[in-house]
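# Topology and contacts: notes
Next come the chains, spelled out residue by residue.
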Amino acid sequence: MKLYPLFADLSGRQVLVVGGGVVGERKVAGLLEAGARVTVGSPELTPLLRDWARQGRIIWQEGFFSDAWLDGAWLVVAATDDPKLHEHVRAHAEARQVFLNVVDDADRSSFHVPAVIDRSPLTIAISSGGHAPMLARLLRERLEVLVDPVVGSLATLLAEMRGRIRARLPDLTRRRRFYERLLSGPVQSLLRRGQHALAEASVERLLEASDLPRAGSVVLVGAGPGDAGLLTLRALRALNEADVILHDRLVSGAVLALARRDAERIEVAKQAGQHHATQEQIHALMLEHAAAGKRVVRLKGGDPFIFGRGGEEIAFLRDHGIAYEVVPGITAALACAAYAGIPLTHRDYAQSVRLITAHCRNSVDTLDWAALAQDRQTLAVYMGSSELATLQAQLLAHGRAASTPFALVENGSRPEQRVITGTLAELAAQAALHEVRSPALLILGEVAALAHSLAWFGRPPVAADAPPRLTLTEAA
Ligand code: SAH
């Protein structure tokens, strides 16, 4: 059941409560607080409800349910202990298209009453659709603690000033920035101390100052390999503050889902080998938006400084006088190794690790093969799958043992992760056989065999044909 949340304005509107016991009394109290005109239909009333009826705060329909009670009602609440009566009320409400809440009966209800954190005029409502009311209540208790009581007064103050704020800052982006600065400023603590006039003055001051145009900036953010849990807190903050996000295709949907909702997202779709947007176009986009005073996040897969051309991008920004920051990310080599259970260095098998790229002929041609072919080191190869045959041939030609284990990690850290293992002799053939697709990372070296004993994430690794199996016990 998917519910459509809404906040109803009940002031002056008629609401029927069927049931005059303690539960009904509670419901009536809430409805009166919202300004509803409440009729209680019941043969009996609690003493308090009787008082209210005498004082004219509610109307009492004395007796047993009749369809006529529904006349003029916008909403109905059924709060008796009689399921048969509830069913009866449900049928009548349904026929008249009046929304009904049956207390503690999700199936018979056409609206639900949420657990509420009241910071009027700010209201936070939580509903489990009647499925787990206790959970909703517990969450409510936690939020009660988290949400400063003063946000209510703040909302009231801002409501008073809203017209002026809008007039002064017609631009949505600048207005949002003003509110962000407001929230991190002294206004809340002034309100907490009851210094309303000072609080208002501080909003006023901020509003004056906000006229000064703000310089745009660019944050180069490493989005990691895909699992959004691998983002840094700083990356998350930058994503939440961004006006514009320029992201590579490699960046996962899970990460983008965490970004500020109304940020403009532009996919610059740069993947190895497929330069949909050229580097120059990316530079031009960063410049255009930053010059317009926007906060730009340049979001790149993995880490921006590992085969990510991050260096070129900040050099360009520096040359154009645009402020920048860099937020590192978990690079594919670290993530793929971790999520495949392959320690990149290991006391017994590998004393060093090299990150290399074999994305195109250019990068392959300039590699120092003799150095790469040495044993007791791990190679993490950011690869274009087309270059695997060259890589295999060169390493073998320069003396790396044909039996050296490899692991190809495709879609590392993502739900669809695949790990293919084998030995250097069969590297290109296995990649072709298993149709390994981008993004994939090659880990080559003795440690790659550990994937079989240490794997913990996703599907177990696929072995070409019984590769040498190292285990930690053997390693010890
Ligand atoms: N800056 C990025 C690398 C960009 S180059 C980083 O630090 O990770 C792109 C290459 O990274 C891909 O071709 C692939 O080899 C590797 N890669 C990126 N994400 C990956 C992932 N989730 N799984 C496997 N390889 C990945």
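Sequence order sets the numbering: in each chain, residues are counted from 1 along the sequence as written. Restriction of local features to residues with pLDDT of at least 70 applies here, the model being predicted, together with a cutoff of 80 or more for giving and counting side-chain atom pairs; totals for whole chains, interfaces and linings are based on all residues. In computing side-chain values, all of the structure's heavy atoms are included and hydrogens and water are not.

## Thoughts on the site of the ligand
- Neighbouring residues are identified by heavy atoms, a residue being near a molecule or strand if any of them is within 4 Å of it. The environment of the ligand is formed by 20 residues, the closest being Asp303, Ile306, Thr331, Gly412 and Ala440.
- Distance and chemistry together define a polar contact, namely a pair of N or O atoms within 3.5 Å, with one atom able to donate a hydrogen and the other to accept it when in protein, and with adjacent residues in sequence counting only for side-chain atoms on both sides. In this structure, a nitrogen atom belonging to the ligand sits 3.0 Å away from a main-chain N or O atom of proline 225.
- Here a nitrogen atom of the ligand and a backbone polar atom of glycine 301 are 3.0 Å apart.
- Accessible surface area values rest on a Shrake-Rupley calculation with a 1.4 Å probe, where residue burial reflects the displayed protein chains alone. Surface burial for the ligand is 94%, taken as the share of its 540 Å² of free accessible area covered by protein chains.

## Some remarks on the packing of aromatic side chains
- The rule is short: rings of Phe, Tyr and Trp, with Trp giving its six-membered ring, pair when the centres are within 6.5 Å, and they are stacked under 30 degrees, edge-to-face over 60, tilted in between. The final tally for this structure, using the stated rule, is six aromatic pairs.
- Seen in terms of ring centroids, phenylalanine 65 and tryptophan 69 are 5.6 Å apart; in terms of plane orientation they differ by 85 degrees. Their pairing is edge-to-face.
- For tryptophan 69, a relative accessible area of 8% translates into the label buried.
- Relative to tyrosine 382, the ring of phenylalanine 307 has its centre 4.9 Å away and its plane inclined at 65 degrees; by these criteria the two rings are edge-to-face. Of this pair, phenylalanine 307 sits in the loop between strand S13 (295-300) and helix H12 (310-319) while tyrosine 382 is found in strand S16 (residues 377-383), placing the two residues 75 residues apart along the sequence.
- Owing to a relative accessible area of 42%, phenylalanine 307 belongs among the partly exposed residues under this scheme. Each residue gets one of three labels from its accessible area relative to the maximum for its type: buried under 20%, exposed over 50%, partly exposed in between, using a 1.4 Å probe on protein chains only. Numbering of helices and strands runs from the N terminus, with a helix taken as a DSSP run of H or I at least four residues long and a strand as a DSSP run of E at least two residues long.

## What about the confidence of the model for the protein chain?
- Note: pLDDT gives the predictor's confidence per residue, expressed from 0 to 100. Scored by pLDDT, the protein chain comes out at a mean of 91, with 94% of its residues at no less than 70.
- Two residues form a contact once any of their heavy atoms are found within 4.5 Å. This model gives residues 466-476 a pLDDT under 50, and the stretch forms 23 contacts once residues within four places in sequence are excluded.

## A look at a nonpolar patch on the surface
- A surface patch of nonpolar side chains, about 260 Å² in accessible area, is lined by Phe305, Tyr324 and Val326.
- Note that valine 326 resides in strand S14 (residues 323-327). For patch building, the residue pool is restricted to those with more than 30% relative accessible area and no salt bridge; the joining distance is 9 Å between like charges and 5 Å between nonpolar side chains (Val, Leu, Ile, Met, Phe, Trp, Tyr). Salt bridges are counted wherever a side-chain nitrogen of Lys or Arg sits within 4 Å of a carboxyl oxygen of Asp or Glu.

## Focus: helix H3 (residues 83-96)
- Compared with an ideal rise of 1.5 Å per residue, which puts 14 residues at 20 Å, H3 spans 20 Å between its outermost C-alpha atoms and is within 8% of the ideal.
- Listing the buried residues of H3 in full gives His86, Val89 and Ala93. The arc that holds every buried residue of H3, seen down its axis, measures 65 degrees, which confines them to one face. In H3, the exposed positions angled more than 90 degrees off the buried face are occupied by Lys84, Glu94 and Ala95.
- Here the buried face of H3 lies against strand S1 (14-18), strand S4 (75-78) and strand S5 (99-102).
- Measuring from the backbone nitrogen of lysine 84 back to the side-chain oxygen at the start of H3 gives 3.0 Å, which picks out aspartate 82 as the cap.
- After H3 finishes, the residue glutamine 97 shows a positive phi value of roughly 60 degrees. Multiplying 1.5 Å by the residue count of a helix minus one yields the expected span of that helix. Each C-beta atom gives one direction from the helix axis, and the arc is the one those directions make.

## Topic: the domain arrangement of the protein chain
- Start and end points for every domain follow an automatic or database-based domain assignment. Its domain assignment divides the protein chain into domain 1 (14-113), domain 2 (150-211), domain 3 (217-330) and domain 4 (333-475).
- Taking only C-alpha atoms, the centre of domain 1 and the centre of domain 4 are 69 Å apart.

## Quick look at the sheet that holds strand S9 (residues 244-247)
- With parallel pairing, the five strands of this open sheet are ordered in space as S10-S9-S13-S8-S14. Edge strands, defined here as strands with exactly one partner in the open sheet, are strand S10 (264-267) and S14. Between one strand and the next, the sheet's axes are offset by a mean angle of 20 degrees, whatever the strand orientation.
- Strands pair, by our definition, only if DSSP identifies at least two bridges between them. Of the strand pairs in this sheet, strand S8 (residues 217-222) and S13 are connected by six bridges, and their pairing is parallel. Along S13, the bridge assignment pairs valine 218 with valine 296. With axes taken as lines fitted to C-alpha atoms, and helix axes fitted only over the stretch in contact, angles between N-to-C directions fall between 0 and 180 degrees.

## Concerning the pattern of salt bridges
- A complete count under the given rule lists 27 salt bridges for this structure.
- Put simply, arginine 192 and aspartate 148 hold a salt bridge, and the shortest N to O gap is 2.6 Å. With arginine 192 in helix H7 (residues 187-192) and aspartate 148 in the loop between helix H4 (133-146) and helix H5 (151-168), the pair connects residues that are 44 residues apart, well separated along the chain.

## Re the side chain of arginine 298
- Considering the arrangement of structural elements, one finds arginine 298 in strand S13.
- For arginine 298, a relative accessible area of 0% gives the class buried.
- Of note is the side chain of arginine 298, whose polar atom sits 2.9 Å from the side chain of aspartate 248.
- When near neighbours in sequence (up to four residues on either side) are disregarded, arginine 298 contacts Val218, Val219, Leu220, Val221, Leu246, His247, Asp248, Val268, Ile282, Met286 and Glu313.

## Observations regarding the layout of surface pockets
- Buried and open spaces are told apart on a 1 Å grid over the protein atoms alone, a cavity being a set of points where a 1.4 Å probe fits but cannot get out and a pocket being an open set with protein on both sides within 12 Å along at least five of seven lines. Residues with an atom within 4 Å of a point are the lining residues. Grid points are joined across faces, edges and corners, and a volume is the space filled by probe spheres set on the points. Within this model, the largest pocket holds a volume of roughly 2200 Å³.
- Around the largest pocket, the lining is made up of 47 residues, and of these Phe111, His112, Val113, Pro114 and Val116 lie nearest the centre.
- Those elements that provide at least two residues to the lining of the largest pocket are helix H1 (22-33), S4, S5, strand S6 (115-119), strand S7 (122-126) and H4.
- Looking at which element gives the most residues to the lining of the largest pocket, the answer is H1, with five residues.
- When the residues that make up the lining of the largest pocket are grouped by side-chain class, the tally is 26 nonpolar, eleven polar and ten charged. Note on residue classes: Ala, Val, Leu, Ile, Met, Phe, Trp, Tyr, Cys and Pro are nonpolar, Asp, Glu, Lys and Arg are charged, and everything else, Gly too, is polar.

## Quick look at the nonpolar core
- Residues enter a nonpolar core if they are buried and are Ala, Val, Leu, Ile, Met, Phe, Trp, Tyr or Cys, with the set joined through side-chain atoms within 4.5 Å. The biggest cluster of nonpolar side chains holds 23 residues, and the ones touching the most others in it are Val381, Leu388, Leu391, Leu395, Leu408, Leu427 and Leu442.
- Counting only elements with at least two residues in this core, the list comes to strand S15 (352-358), helix H15 (369-372), S16, helix H16 (388-397), strand S17 (405-410), helix H17 (427-433) and strand S19 (440-444).
- Here leucine 427 is in contact with Leu388, Leu391, Gln392, Phe406, Leu408 and Leu442, once residues within four sequence places are set aside.

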